[in-house]
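# Fold and contact review
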Amino acid sequence: MSEVKKVLMSPQGPSFSELIQGYWRLASWEMTAQQRLSFLSEHIELGITTVDNAAIYGNSEVLFGEALKLNPSIRNEIEIVSKFGINGIPSSPEERRVSHYDSSKEAILTSAENSLKRLNTDYLDALLVHRPDFLMDADQVADAFSELKQSGKVKHFGVSNFTTSQFDLLQSRLDFSLMTNQVEINPVNLVVLEDGTTDQLQQYRVRPMAWSCLAGGRIFFDNTEQMQRLRKTLIELMVEMDATSIEQVIFAWVLKHPSNPVALIGSGKISRVKQAVEALSLSMTTEQWYRIWVASKGCPVP
Ligand code: NAP
């Protein structure tokens, strides 16, 4: 089995595993607390020590926290990332009428406290702004981050789905560096490779956290022309690269990018997590990388 290394996310840290287990879909895995703990222990054993969660992921922070409670000593072996800022589907019409973003200082402090309680932990290794808030007041976010850092409740901070200007704006108010921009990177969606997002991260030596590397599973079953082209190319490359599945080829494609992404895994099946780990030892040529780009676009490079 390939070795999953710890890597520095930004010049000021933290060190996270180069593959990160995503827990967005945890509720749909329908596992008992003991099964959740076993899954966690198994991916730690593989070297995947960093886990990704969010306040908006329904019950998944609670379910994760229940598993951690069964063996609290595991907390010292993992790094927990959570996200805040989306006030989701209204729980009662009186409370709010639409889903919306809130990155006020009060909302950040409350959300972080609630995540800590749900996750059964007294600190987060990283807290990210989940989505850019059109009403984001960078001074308020910076104030909340400083307070959480000083209290020891959160060690590092980052953002998710931010544009380059939103990233720079928030960074300009902080006296420590943002540790990531968690963004969608997969062969179906090339936007962040084209709009300057990954250039900026490479410039600052901040690693992206790549979410939905497998396009949320759509790459396996959607029948659009783009998906059909991609599947054909991925299968050819799987044979050429001596990989055992097309998801391995996709993980190798994501990890080859020079912004040095760490890749989030979305599957709750340990066999598929192991497939991702094996992808770390695959090597992909530049020409092979571009064959996926060309299959995605449906045209040659200009
Ligand atoms: P993904 O890897 O793109 O998709 C995972 C889905 O693909 C699962 O439903 C999985 O099903 C399915 N799948 C995997 N391999 C398959 C195969 N060989 N055949 C058929 N289906 C397969 O990842 P994701 O769950 O969308 O995202 C990963 C993590 O990124 C999330 O857990 C979350 O932490 C994070 N995320 C962040 C944001 C953000 O805005 N910051 C947004 C989305 C996600 P099985 O479980 O059955 O394997």
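Each remark here, short or long, concerns the structure printed above.
The following refers to the structure shown.

## Details of the overall build of the protein
- In terms of helices and strands, the protein carries 12 helices and 12 strands.
- The C-alpha atoms of the protein give a radius of gyration of 19 Å, which matches the 19 Å a tight globule of 302 residues would have.
- Projected onto its principal axes, the C-alpha positions of the protein cover 50 × 45 × 40 Å.
- Going through the 302 residues of the protein one by one, you find that 53% of them count as buried.
- Taken as a whole, the protein presents about 13,900 Å² of accessible surface, with 50% of it coming from carbon and sulfur.

## Comments concerning the packing of helix α9 (residues 225-240) against helix α10 (residues 246-255)
- Axis separation between α9 and α10 bottoms out at 9 Å; the angle between their running directions is 90°. Judged on the interaxial angle alone, α10 and α9 are roughly perpendicular. Facing α9, whose interface residues are Arg 231, Leu 234, Ile 235, Leu 237 and Met 238, α10 presents Ile 246, Val 249 and Ile 250.

## Brief notes about the site of the ligand
- Contacts to the ligand come from 27 residues, most closely from Arg 25, Asp 52, Ser 212, Ser 267 and Lys 269.
- One of the backbone N or O atoms of Tyr 23 is found 3.4 Å from an oxygen atom in the ligand.
- Contacts to the ligand include Asn 161, whose side-chain N or O atom sits 2.9 Å from an oxygen atom.
- Burial of the ligand by the surrounding chains reaches 87%, relative to a free accessible area of 910 Å².
- Looking at the shell around the ligand residue by residue, the class counts come to nine nonpolar, 11 polar and seven charged.

## What to know about the packing of aromatic side chains
- All chains considered together, the criterion is met by 12 aromatic pairs.
- Residues Tyr 23 and Phe 64 carry aromatic rings whose centres are separated by 4.9 Å and whose planes lie at 75° to one another, so their mutual orientation is edge-to-face. A residue pair is termed long-range when its members are at least 10 positions apart, and Tyr 23 in the loop between β3 (19-22) and α1 (33-45) and Phe 64 in helix α2 (residues 60-70) qualify at 41 residues.
- Given a relative accessible area of 4%, Phe 64 falls into the buried group.
- Here Phe 84 and Phe 145 contribute two aromatic rings whose centre-to-centre distance is 6.3 Å and whose plane-to-plane angle is 90°, an arrangement assigned as edge-to-face. Taken as a pair, Phe 84 in strand β5 (residues 79-84) and Phe 145 in helix α4 (residues 138-150) lie far apart in primary sequence, 61 residues in all.
- Taking relative accessible area as the criterion, Phe 84 reaches 1% and is therefore assigned buried.
- For Phe 145, a relative accessible area of 0% translates into the label buried.
- What links up through ring pairs into an aromatic cluster is the set Tyr 23, Trp 29, Phe 39 and Phe 64.
- The lysine or arginine in question, Arg 75, covers the ring of Tyr 123, its NZ or CZ lying 3.9 Å from the ring centre.
- The lysine or arginine in question, Lys 149, covers the ring of Phe 176, its NZ or CZ lying 4.8 Å from the ring centre.

## Remarks on the pairing of strand β10 (residues 181-184)
- The side-chain alternation of β10 yields two buried faces, one formed by Asn 181 and Val 183 and the other by Gln 182 and Glu 184.
- Across three bridges, the pairing between β10 and strand β11 (residues 209-211) is parallel. Counted as the bridge partner of Val 183 is Ala 210 from β11.

## What about α2?
- Ser 60, Glu 61, Leu 63, Phe 64, Gly 65, Ala 67 and Leu 68 are the residues of α2 that are buried.
- Check the buried side of α2 and you find it contacts α1, β4 (50-52), β5 and α3 (105-119).

## Things to note about the sheet that holds strand β12 (residues 262-265)
- Pairing is parallel around the closed barrel formed by eight strands, whose spatial order is β3-β4-β5-β8-β9-β10-β11-β12. With direction set aside, neighbouring strand axes in the sheet form an average angle of 30°.
- Alignment of β11 against β12, held across two bridges, turns out to be parallel. Of the residues in β12, the one forming a bridge with Ala 210 is Ala 263.

## Points about the pattern of salt bridges
- Scanning the entire structure with this criterion turns up 16 salt bridges.
- Its salt-bridge partner being Glu 147, residue Lys 105 comes within 2.9 Å of it at the nearest N-O pair. You can see Lys 105 sitting in helix α3 and its partner Glu 147 sitting in helix α4, a full 42 residues away along the chain.
- A relative accessible area of 39% means that Glu 147 is categorised as partly exposed.
- A salt bridge links Glu 236 to Arg 291, with the nearest nitrogen and oxygen atoms 4.0 Å apart. Taken together, the residues Glu 236 in helix α9 and Arg 291 in helix α12 (residues 286-297) connect sequence positions 55 residues apart.
- By relative accessible area, which is 21% here, Arg 291 ends up partly exposed.
- A network of salt bridges, in which partner residues are shared, links Lys 232, Glu 236, Glu 240, Glu 287 and Arg 291.

Calculation notes
Residues numbered from 1 in each chain as written. Predicted model: local features only at pLDDT ≥ 70, side-chain atom pairs only at ≥ 80, totals over all residues. Heavy atoms only, no water. Helix = DSSP H or I, 4+ residues; strand = E, 2+ residues; numbered from the N terminus. Rg over C-alpha atoms; globule rule 2.2 N^0.38 Å. Buried < 20%, exposed > 50% of the residue type's maximum accessible area, 1.4 Å probe, protein only. Areas by Shrake-Rupley, 256 points an atom, 1.4 Å probe, with all protein chains shown as cover. Axes fitted to C-alpha atoms, helices over the stretch in contact; angles between N-to-C directions. Parallel < 35°, antiparallel > 145°, perpendicular 65-115°, else oblique. Contact = heavy atoms within 4.5 Å. Near = heavy atom within 4 Å. Polar contact = N/O pair within 3.5 Å; in protein donor to acceptor, adjacent residues only side chain to side chain. Nonpolar A, V, L, I, M, F, W, Y, C, P; charged D, E, K, R; others polar. Phe/Tyr/Trp six-rings, centres within 6.5 Å; stacked < 30°, edge-to-face > 60°. Lys NZ or Arg CZ within 6 Å of the ring centre and 35° of its normal. Pairing = 2+ DSSP bridges. Salt bridge = Lys/Arg side-chain N within 4 Å of Asp/Glu carboxyl O.

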